[in-house]
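Examining the three-dimensional arrangement
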Amino acid sequence: MLTRRIGGVEVSAIGLGAMPMSLEGRPDRAQSIETIRTAVDKGVTLIDTADAYSADDSDFGHNEELIAEALKGVDGVMVATKGGHTRTSGGGWDVNGRPEYLKAACDASLRRLGVDAIDLYQFHRPDPAVPVAESVGALAELLDAGKIKLAGVSNFDPTQIRQANEILGGRLASVQNQFSPAFRSSEPELELCAELDIAFLPWSPLGGISAAGELGARFTAFAEVGRAHGVSPQQVCLAWMLAKAPQVVPIPGSSRPASISDSADAVHLELSEEELRRLDG
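Note that the structure is a prediction, hence the values are computed from the model and not measured.

Note on placement: Glu224 falls in helix H8 (residues 220-229). Judged by its relative accessible area of 35%, Glu224 is partly exposed. Spatially, the C-alpha atoms of Glu224 and Val132 are 43 Å apart, while their sequence positions differ by 92 residues.

Attention now moves to the nonpolar core. Of all hydrophobic cores here, the largest spans 70 residues; its most connected members are Ile36, Trp240 and Leu271. Counting 12 residues, the second-largest nonpolar core is a separate cluster that includes Leu46, Met78, Ala173 and Val249.

It is worth spelling out the pairing of strand E8 (residues 120-123) at this point. Side-chain alternation along E8 places Leu120 and Gln122 on one buried face and Tyr121 and Phe123 on a second face that is also buried. Pairing of strand E5 (residues 78-83) with E8 involves 4 bridges; the strand directions are parallel. Following the sheet pairing, Gly83 is matched in E8 by Phe123. Note on the crossover from E8 through helix H4 (residues 132-145) to strand E9 (residues 151-154): the handedness is right-handed.

Before going further, it helps to spend a moment on the side chain of Asp127. Among the structural elements, Asp127 can be located in the loop between E8 and H4. Buried within the structure, Asp127 lacks any salt-bridge partner; Arg98 is the closest side chain of opposite charge, at an N-O distance of 6.2 Å. Within the local environment of Asp127, its side chain forms a polar contact with the backbone nitrogen of Gly97, the two atoms lying 2.9 Å apart. With near-sequence residues (within four places) excluded, Asp127 lies in contact with Val95, Asn96 and Gly97.

Next up on the list: unusual backbone geometry. One non-glycine residue, Asp197, lies in positive phi territory at about 60°. When you line up the elements, Asp197 lands in the loop between helix H6 (187-196) and strand E11 (199-200). By relative accessible area, Asp197 is classed as exposed at 57%. In the Ramachandran plot, Ser204 falls in the positive-phi region, its phi being about 50° despite a non-glycine side chain.

So, how was this worked out
- Residues numbered from 1 in each chain as written.
- Predicted model: local features only at pLDDT ≥ 70, side-chain atom pairs only at ≥ 80, totals over all residues.
- Heavy atoms only, no water.
- Helix = DSSP H or I, 4+ residues; strand = E, 2+ residues; numbered from the N terminus.
- Buried < 20%, exposed > 50% of the residue type's maximum accessible area, 1.4 Å probe, protein only.
- Core = buried A, V, L, I, M, F, W, Y, C linked by side-chain atoms within 4.5 Å.
- Pairing = 2+ DSSP bridges.
- Right-handed = clockwise from strand over helix to strand, strands pointing away.
- Lys, Arg positive; Asp, Glu negative; His and termini not counted.
- Salt bridge = Lys/Arg side-chain N within 4 Å of Asp/Glu carboxyl O.
- Polar contact = N/O pair within 3.5 Å; in protein donor to acceptor, adjacent residues only side chain to side chain.
- Contact = heavy atoms within 4.5 Å.

Written out as structure tokens, the structure reads:
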């Protein structure tokens, strides 16, 4: 497994996005735990979760508890979680960026993960009712208190990223934004992270739970390059992202051992400049 760095910490160049293991229609617990352990066996040392990854508000924190169970006795894996997204009855989503809420959410995540300090804690999504400075200020306090080792943000635009990094005194470790062949509007954020040497973690890099399997059909260049190398279009997609900048660490969502195993192998795929141009197009 090749590695990259988040806040100075070395992690696998491909992470595991654990969200599909906890939403409605999720696999059984045994399959999810096998998927997480397969990822570790393949050399994956970054697992992405969030307190809000659950079927609805009734099992809030499901994904964090699942990961804690799967990683019992396992060392050397960075668990990145998030706070600031909430769930509502019936499976809906909401946001809460109030500093007091984020601090309480962090404490709850610490308990569910069973750790003294969270490896990477990210503010999940800006709250229109709360100034970004106040929400990120809570992250700075959590850092200073030693409750989190690294701080990140998610779904931020370039202006907000610069503001967050300033509030954190240059300690912003990661930005987690949507980026995929179907969603390329986060290129400015990716480029800014490369400029500032901040890890950029693309979420839904293969297009999301329902679309990942159709990536090659929707974007034929990825299928064609995959056939030339004897690999899946999904592997090509992840290798294309890794070539964007050394700060990029994709976190493909998986709920099956076979899918994370295939994704992890993308670190070994070398694409030519001509192939990268085709994929960019």
